[in-house]
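Residues per chain, in single letters:
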Amino acid sequence: MSNSKFRYIGQHRRTKEDPRFVTGRGRYVADIVVPGMKHVALVASPHASARIKAIHADRALAMDGVHYVLTGAELVAATEALMVGVDTPLVKRYPLAHEVVRYAGEWVAAVVADTRALAEDAAERVEVEYETLPCLLDPEAALNPDAHLVHPAHGSNVLYRRKFVWGAVEEDFAAAAQTLSFRCRWARSATVPIETFGVTARWDPAQQLLDVWASIQMPKYPDQIARTLRLPGNAVRVHFDVDVGGSYGVKRGIKHTVLVGYLARKLGMPIRFIEDRLENMRGGDMHGPDRIFDMQVAFENDGTIRALKIRALDDVGAYAGRSPLQLGKPVGAIVGPYQIHSVEYEPISVLTNKTAQEAVRGFGQAPTNFAIESAIDRVARHLNMDRVALRRHNLIRKDQFPYLIPSGTTYDSGDYHTVLDKAMAAADYPALVAARDAARAAGKLAGIGIATCLEPSGGNSSFEPLFNPKNLTTTWMDSCLVRVDLSGAITGVMNTSTSGQGHETLVSTVVGEILERDPADIRVVHADSLNALPSNSPVGSRMAIMLGSAAAGAAKIIKANLMAIAAHNLKCPLDDLVYRDGHVSVKAEPSRVMDWDALIEIAHRRIHQMPPGLEPGLQAKFVFEVPTGGGLPTADGRVQMYPCYSFEAHVVLVEIDPATGQPTLTRYAIGHDCGTMISPQIVHGMTWGGIAHGIGAALYEKFAFSENGQLASQTFMDYLMPSAMEVPSVDIVDHCTPSPLTVFGQKGSGEAGYLGAPAAIACAINDALAPSGHALDELPMTPMAIWSTLQSAGSMK
Amino acid sequence: MSAEKLHVVTLMVNGQPRSAAVPARTSLVDFLRDTLGLTGTHVGCEHGICGACSVMLDGEPVRSCLMYAVQADACAITTVEGLSQPDGTPGVLQDAFCETHGMQCGYCTPGMLISAHALLQTNLNPTEADIRDAIGGNLCRCTGYVQIVAAVKLAAEKLRATGGAK
Amino acid sequence: MKSAAFEYQRVTSVAQACALLAEHGADAKLIAGGQSLVPMMAMRLARPAVLIDIGRIADLQGITVCDEGVRIGATTRQAHVQADALVQRELPLLIQAMRWVGHVQTRNRGTLGGSIVHADPSAEIPLVAAVLEATLELQDANGSSELSAAEFFYAPMVTAIAPDQCLVAVRFPVWRDAHVGSAFDEISIRHGDFALASACAQVALDAAGVVTRCVVGVGGAAPIPQALPEVAAQLVGQSANATNLDALAAAAAAALDPEGDLHASAEYRRHLAQVLLGRVLRAACEKAKA
Ligand code: FES
Ligand code: FES
């Protein structure tokens, strides 16, 4: 789909990043060698809940090549507790356990040695005496008054609980013709990048400066490291030019970095810690939402959905960082793409003796979408109505935008009906129905899943003040610096690291578009944190909007400056000039032209030819504030969450072997609207990847715990991520409803696919199970889970 | 440093003779990355599932985390660096990955390239099923595989046209 | 995830390997392909003091014709087995099993014998060896011995091989009957994963379609790769029609006592075993008829 409005935006163009990756020249954290660096391995708790009685490190310290064994006691005395997203000051968290371990795999001591292998040898020789404590694993039981307290000082296992009522919920429920209720469960899974988290830190005592190289995607990371290590912010320099081997939310690494930063400073040695896969899975604190939804829906006999009541109980594990806030973001899309009049929402975040939760792609929206779509399907089934017709009946219409939802957010734009139509056409829906029915007639189970879901984008942080009244954050800006050097070459400077989203391509495309210069010749670099302009990192599907707009803003200033120089030298009013390809000419007299090189020469060398007031050199910064941002929540918890709303419609056919319960995705199409696509290849790639990730969450992936709290799926042998053999090829159909809030009409797409795929697949499996009269409401829908459901339905052969 | 016994490992890597002394427990991937400084090959799991560490060993793709460097003594290894043109620019397969954007973060990419390279050495006319089978032991969390499959198809096409030269 | 330190010895003959095994006993481990051993060592679930590399002993590699059929050297790579013309012609069941074994990268390193001595109850190659009643040639410092695969597997990852013995080769019988069919099937969650359950069968029919010979077994549904000779015996003399087969599969599965785990309960595994047994018996009979 070429968009003729633009020269580079929306065109098929190669990315800037790929050539270094295909030649093995990416520079990931594990590739960075700091001379003299030492290596860390961790001693992990074998118990899910225990008191640490003693730690004996002598045998480890006696080994050749072993430099230090750090324990929680020392670290707790020397550092601040890590930040928590909600107001729970007594839920203290440090990189190493102190006095008590609260989950199996929690880090108890850190060993520093010459090599990683030696550090592991020494870690085995650290003896820890434990006295086991009661262990709490059930999030429902966590609410019981007599439950074991994961953090006794906090006085309860509840981190956050509030009942929001937006609109006349009770009245709507009373007035509606029908209601139904059900429970569904989203399992604990995560994005599990193929690169684990890693960090190397070096303390320079002469400069009093901590250099950090890390595999990071975390807002305000340098500030948090400095604060926790009791250093001034300008004593931490994070190098953002490190390639990050995938993140999709989870590469937060604060605890790792505090640990390594502390050791580097304490020992005067550069320290590297690269999680191995066991440390990553058990103690890397990157598990995603683990959520039980109790859903109630009020609706009319014609299928009109009136109101929702949602209780979402989220098990965040043993500690809280930003994880409770993952219940907050969905407030901004709590009715999905539907016209629903009123909503009651009760998010409850509880502690248990499990690995701590971290931000995962979508920040809580994918589970919520799964619950909402499950509700829509249930209503359709209950009314014996076609699921597509029911959706069409309830979807917000194109003419209703901007559309204010009950929880206070206004959706910017959309054309949901058209996108759904396109997806149905791409999937050849009548043929799909025929294929399903033929499979059923042949004795198979087959079902079609439909999901219509939103991707809130432009990551703002309004959930922070919403969930923590002491937090008055109302800005979540991002920035870009654009520079044209004396040779005329353009460099864009971004202020965070990248984990596969192609930001260098984004910045160069946008800057090239504005300046009409070939993006292939524009270089984009990542400033370190001491050189960086403000950024809140690539979270919340925000960079096309935020970094894209900042880059455009900076490029526009450059362009304006070039025009001003030309106007001054051509002695012509600005309005009489035209800018083309970097050259400026007089509209009426095209032969009077100042070319790019001449303008650059003046900007860099000839102040005597510069218009008064214009600074020499040619560079511009632009700090972009989130559109619609700036507001605090109302007393009843209404707030504008994110600015831009992308939409996706999934259509999927699943066939299930009735004898084994094994599902196969035989057809998959998605209609996708994220406004103007800056780089279609990148958007499509993220969408395909998001769907694959959603397939994992729907069918394969789960962090399962044993009865005594051991993580049962701690290796890639048991945590099952789909390969090319499981992920089908997927047809994407694009649609473009530009956002009125952004420079080019772009919206976000970093979570595309993932936000609807689990819902669509779950709906397909339930469509397949429907003839048996049973439903499966828990992810992942494994062969055994499907088979067991069929067993209870008594329909097995 | 401790007194662990060192073994001299001598092998050909990307056509160059390389030699170094390492402890027996050094995995081949650690040897390539840490000892020889060839960091193109990546580590994802160290237990043989993700395929990020794939290299060619005597002409066949293997997982370099699943063997010790001493076991590879006197073998010929090709890593992702060895798939490039002599001047370091992308070879045909690598270029095809750029054309279709067959990656995002690039972390699985070296392993994917090795598996695809191995396939194309014996089959210049692979079906989609052949390609998926060949990369079935390489996990990618970014792409959903679609653009990777497209890249391998494209590379096969180009290689057919040029008679298989890299 | 780095292995504990070990002493490495590369040997060039079986005799050398056996001498080292005799010297170090249970402290030593043989390695050839290492596709099962190395991950266990990386996680320090296995920590041999001495690692004896038999990967380059020429005598242990290769595929040849022998009296009862085909002899495969213990360290022959799985990929070579899969690509071998003799095996393709004579041991269709082994070939059918190979497509379920790991991935191309692991088959390039992994060895036939390594999989058998590792004795994962859900692995494919041990199941074929057990079902076809292969003969295992063993050697230690005192000489050679042989074991039938039927006597070899004791428990998950436990076999009759002594700590000082080396598996040298595996002899697979080849059936010369006129109408032979075989089938291997399995259910794994993802392609290339270990089986939740697997089954395989080989049958010979006479011209009238009556079963004259049968072997059958299940993987993943018992503590060992489980040959089911009683089931096979019941089929001999019967005509190969579907009802017989389903009844047999049901009875055989009911007698199994699988272990449940994270991915499949005991009940589910037993059920899968029944489904797969029915499928492979039917498929093998169909192929024999064809
Ligand atoms: S690192 Fe070797 S397979 Fe994952
Ligand atoms: S490109 Fe990131 S894991 Fe494949």
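### Digging into the overall build of chain A
Part 1 of the argument: Helix and strand content of chain A: 19 helices and 29 strands.
Part 2 of the argument: Relative to a compact globule of 797 residues, whose C-alpha radius of gyration would be 28 Å, chain A shows 27 Å and is just as compact.
Part 3 of the argument: When the backbone C-alpha atoms are referred to their principal axes, chain A occupies close to 85 × 75 × 50 Å.
Part 4 of the argument: Across the 797 residues of chain A, 67% fall into the buried class.
Part 5 of the argument: Long-range pairs, those at least 24 residues apart, make up 81% of the contacts in chain A with a sequence separation of at least 6.
Part 6 of the argument: Entry remark: accessible area of chain A is about 24900 Å², with carbon and sulfur atoms responsible for 51%.
Part 7 of the argument: Across chain A, the 74 positively charged side chains and the 85 negatively charged ones have centroids separated by 2 Å.

### Quick notes on helix 1 (residues 14–24) of chain C
Residue and element names in this part refer to chain C.
Part 1 of the argument: Taken together, the buried positions of helix 1 are Val-14, Ala-17, Cys-18, Leu-20 and Leu-21. Viewed along the axis of helix 1, the buried residues span an arc of 160°, placing them on a single side of the element. Among the exposed residues of helix 1, those oriented more than 90 degrees off its buried face are Ala-15 and Glu-23.
Part 2 of the argument: Residues of helix 1 that are buried sit in contact with strand 1 (7–10), strand 2 (28–31), strand 3 (50–53), strand 6 (135–140) and strand 10 (166–173).

### Comments concerning the environment of Leu-533 of chain A
Residues and elements named next belong to chain A.
Part 1 of the argument: Position of Leu-533 among the secondary structure elements: in the loop between strand 22 (523–526) and helix 15 (543–570).
Part 2 of the argument: A relative accessible area of 21% means that Leu-533 is categorised as partly exposed.
Part 3 of the argument: Through-space distance from the C-alpha of Leu-533 to that of Ser-479 is 5.9 Å; in sequence the pair is 54 residues apart.
Part 4 of the argument: Residues contacting Leu-533, with those up to four places away along its chain left out, are Ser-479, Cys-480, Leu-481, Asn-495 and Lys-621.

### Things to note about the interface of chain A and chain B
Part 1 of the argument: Counting residues at the interface gives 56 residues for chain A, matched by 48 residues for chain B.
Part 2 of the argument: Together, the buried faces of chain A and chain B total about 4300 Å²; carbon and sulfur atoms form 57% of this surface.
Part 3 of the argument: Contact with chain B buries area across many residues of chain A, yet Arg-14, Val-22 and Ile-194 of chain A alone supply 17% of it, more than any other trio.
Part 4 of the argument: On inspection of chain A and its partner chain B, the count reaches five salt bridges.
Part 5 of the argument: Residue Asp-31 of chain A is joined to Arg-33 of chain B by a salt bridge in which the shortest nitrogen-to-oxygen separation is 2.8 Å.
Part 6 of the argument: Where chain A meets chain B, there are 26 residue pairs in polar contact (both at pLDDT 80 or more).
Part 7 of the argument: Those elements giving two or more residues to the side of chain A that touches chain B turn out to be helix 1 (18–22), helix 4 (116–125) and helix 17 (680–700) of chain A.
Part 8 of the argument: For the side of chain A that touches chain B, the leading source of residues is helix 17 of chain A, giving eight residues.
Part 9 of the argument: Considering only residue class, the side of chain A that touches chain B consists of 27 nonpolar, 18 polar and eleven charged.

### Brief notes about the sheet that holds strand 22 of chain A
Whenever strands of a sheet pair, they do so through backbone hydrogen bonds, lying parallel or antiparallel.
Residues and elements named next belong to chain A.
Part 1 of the argument: Pairing in this open sheet of four strands is mixed, and the strands run 22-21-20-26 from one edge to the other. Two strands lie at the open edges of the sheet, namely strand 22 and strand 26 (619–624), each paired on one side alone. Sheet twist, expressed as the mean angle between neighbouring strand axes with direction ignored, is 20°.
Part 2 of the argument: As paired strands, strand 20 (residues 478–484) and strand 26 are joined by six bridges and run antiparallel to one another. For Cys-480, the partnering residue across the bridge sits in strand 26 and is Phe-622.

### A look at the domain arrangement of chain C
Residue and element names in this part refer to chain C.
Part 1 of the argument: For chain C, the assigned domains are domain 1 (7–53), domain 2 (58–173) and domain 3 (180–289).
Part 2 of the argument: Between domain 1 and domain 2, the buried area comes to about 1100 Å², and carbon and sulfur atoms account for 72% of it.
Part 3 of the argument: Looking at the side of domain 1 facing domain 2, the largest losses of area belong to Val-14, Cys-18 and Gln-35, adding up to 41% of the total buried there.
Part 4 of the argument: Our enumeration of links across domain 1 and domain 2 arrives at zero salt bridges.
Part 5 of the argument: Top element by residues in the side of domain 1 that touches domain 2 is helix 1. It accounts for five residues.
Part 6 of the argument: In terms of residue class, the side of domain 1 that touches domain 2 is made up of nine nonpolar, four polar and no charged.

### A short note on the pairing of strand 11 (residues 209–214) of chain A
Residues and elements named next belong to chain A.
Part 1 of the argument: The buried fraction of strand 11 amounts to six of the six residues, a majority that puts the element mostly inside the structure.
Part 2 of the argument: Residues Leu-209, Asp-211 and Trp-213 point to one face of strand 11 and Leu-210, Val-212 and Ala-214 to the other, with burial holding for every one of them.
Part 3 of the argument: For strand 10 (residues 198–204) and strand 11, the ladder comprises six bridges, and the chain directions are antiparallel. Within strand 11, the position partnered with Thr-200 by the bridge is Trp-213.
Part 4 of the argument: Between strand 10 and strand 11, which pair antiparallel one after the other, the connecting turn spans four residues, and Gln-208 there sits at a positive phi close to 55°.
Part 5 of the argument: Direction of pairing for strand 11 relative to strand 12 (residues 236–239): parallel, over a ladder of four bridges. Looking at the pairing, Leu-210 lines up with Val-236 of strand 12.
Part 6 of the argument: Between the parallel pair strand 11 and strand 12, the chain is carried across by helix 6 (residues 221–228), and the sense of this crossover is right-handed.

### Some remarks on the pattern of salt bridges
Part 1 of the argument: For the structure shown, the criterion picks out 81 salt bridges over all chains.
Part 2 of the argument: A salt bridge links Asp-415 of chain A to Lys-398 of chain A, with the shortest nitrogen-to-oxygen separation between them at 3.8 Å. Pair noted here: Asp-415 of chain A is in the loop between strand 18 (410–411) and helix 11 (416–427) and Lys-398 of chain A is in the loop between helix 10 (387–394) and strand 17 (403–404), with a separation of 17 residues, a long-range link.
Part 3 of the argument: A salt bridge links Glu-701 of chain A to Arg-141 of chain B; the nearest nitrogen and oxygen atoms lie 2.7 Å apart. Here Glu-701 of chain A is found in the loop between helix 17 and strand 29 (731–735), whereas its partner Arg-141 of chain B is found in the loop between helix 4 (128–134) and helix 5 (146–162) on a different chain. Here Glu-701 of chain A and Arg-141 of chain B have matching classes, each one buried.
Part 4 of the argument: Each of Arg-116, Glu-120, Asp-121, Glu-124, Asp-276 and Glu-279 of chain A, Glu-4 and Arg-25 of chain B together with Arg-44 and Arg-47 of chain C takes part in one network of salt bridges that share partners.

### Regarding the interface of chain B and chain C
Part 1 of the argument: On the chain C side, the residues contacting the 32 residues of chain B number 31 residues.
Part 2 of the argument: Here chain B and chain C share an interface that buries about 2400 Å² over both sides, 50% of which is from carbon and sulfur atoms.
Part 3 of the argument: Contact with chain C buries area across many residues of chain B, yet Leu-66, Tyr-68 and Gln-71 of chain B alone supply 27% of it, more than any other trio.
Part 4 of the argument: As a salt-bridge pair, Glu-46 of chain B and Lys-2 of chain C come within 2.8 Å of each other at their nearest N and O atoms.
Part 5 of the argument: For the side of chain B that touches chain C, the secondary structure elements donating two or more residues are strand 3 (54–57), strand 4 (60–63) and helix 4 of chain B.
Part 6 of the argument: Broken down by element, the side of chain B that touches chain C gets its largest block of residues, four residues, from strand 4 of chain B.

### Quick notes on the state of the cysteines
All names here are of chain C.
Part 1 of the argument: Within the structure shown, the criterion is met by zero disulfides over all chains.
Part 2 of the argument: Free of any disulfide, Cys-166 has its nearest neighbouring cysteine sulfur in Cys-18, separated by 5.4 Å.
Part 3 of the argument: For Cys-166, a relative accessible area of 1% puts it in the buried group.

### What to know about the confidence of the model for chain C
Part 1 of the argument: Predicted confidence across chain C gives a mean pLDDT of 96, with 100% of residues reaching 70 or more.
Part 2 of the argument: As scored by the predictor, the complex reaches a pTM of 0.97 and an ipTM of 0.98.

### Focus on the sheet that holds strand 5 (residues 69–73) of chain C
Residue and element names in this part refer to chain C.
Part 1 of the argument: Strand order in the open sheet formed by five strands is 4-5-10-6-7, and the pairing between neighbours is antiparallel. Among the strands making up the open sheet, the edge pair consists of strand 4 (63–65) and strand 7 (143–148). Taking each pair of neighbouring strands and ignoring which way they run, the sheet shows an average axis angle of 25°.

### Re the nonpolar core
As a rule of thumb, soluble globular proteins bury nonpolar side chains together.
Part 1 of the argument: In this structure, Tyr-345 and Tyr-411 of chain A together with Phe-97 of chain B are the most contacted members of the largest nonpolar core, which totals 218 residues.
Part 2 of the argument: Element by element, the count of residues in this core is highest for helix 12 (residues 266–289) of chain C, at ten residues.
Part 3 of the argument: Within the second largest apolar cluster, 53 residues are counted, among which are Ile-490, Val-524, Met-563 and Val-584 of chain A.

### A closer look at unusual backbone geometry
Part 1 of the argument: Cis peptide bonds are those with omega within 30 degrees of zero, and the linkage from Phe-401 of chain A to Pro-402 of chain A qualifies with -10°.
Part 2 of the argument: Note that Pro-402 of chain A resides in the loop between helix 10 and strand 17.
Part 3 of the argument: The phi dihedral of Ala-119 of chain C falls on the positive side, at around 60°, and the residue is not glycine.
Part 4 of the argument: Inspection of the secondary structure puts Ala-119 of chain C in the loop between helix 7 (112–118) and helix 8 (124–131).
Part 5 of the argument: Overall, the relative accessible area of 1% leaves Ala-119 of chain C in the buried class.
Part 6 of the argument: For Glu-133 of chain C, which is not glycine, the phi torsion reads 55° and is therefore positive.
Part 7 of the argument: Relative to the helices and strands, Glu-133 of chain C resides in the loop between helix 8 and strand 6.
Part 8 of the argument: Residue classification places Glu-133 of chain C among the partly exposed residues on the basis of a relative accessible area of 47%.

Definitions and limits used
- Residues numbered from 1 in each chain as written.
- Chains lettered and ligands numbered in written order.
- Predicted model: local features only at pLDDT ≥ 70, side-chain atom pairs only at ≥ 80, totals over all residues.
- Heavy atoms only, no water.
- Helix = DSSP H or I, 4+ residues; strand = E, 2+ residues; numbered from the N terminus.
- Rg over C-alpha atoms; globule rule 2.2 N^0.38 Å.
- Buried < 20%, exposed > 50% of the residue type's maximum accessible area, 1.4 Å probe, protein only.
- Contact = heavy atoms within 4.5 Å.
- Areas by Shrake-Rupley, 256 points an atom, 1.4 Å probe, with all protein chains shown as cover.
- Lys, Arg positive; Asp, Glu negative; His and termini not counted.
- Charge placed at Lys NZ, Arg CZ, Asp CG, Glu CD.
- Arc of directions from axis to C-beta.
- Buried area = accessible area lost by both parts, 1.4 Å probe.
- Salt bridge = Lys/Arg side-chain N within 4 Å of Asp/Glu carboxyl O.
- Polar contact = N/O pair within 3.5 Å; in protein donor to acceptor, adjacent residues only side chain to side chain.
- Nonpolar A, V, L, I, M, F, W, Y, C, P; charged D, E, K, R; others polar.
- Pairing = 2+ DSSP bridges.
- Axes fitted to C-alpha atoms, helices over the stretch in contact; angles between N-to-C directions.
- Domains from an automatic or database assignment.
- Right-handed = clockwise from strand over helix to strand, strands pointing away.
- Disulfide = S-S within 2.5 Å.
- pLDDT = per-residue confidence, 0-100.
- Core = buried A, V, L, I, M, F, W, Y, C linked by side-chain atoms within 4.5 Å.

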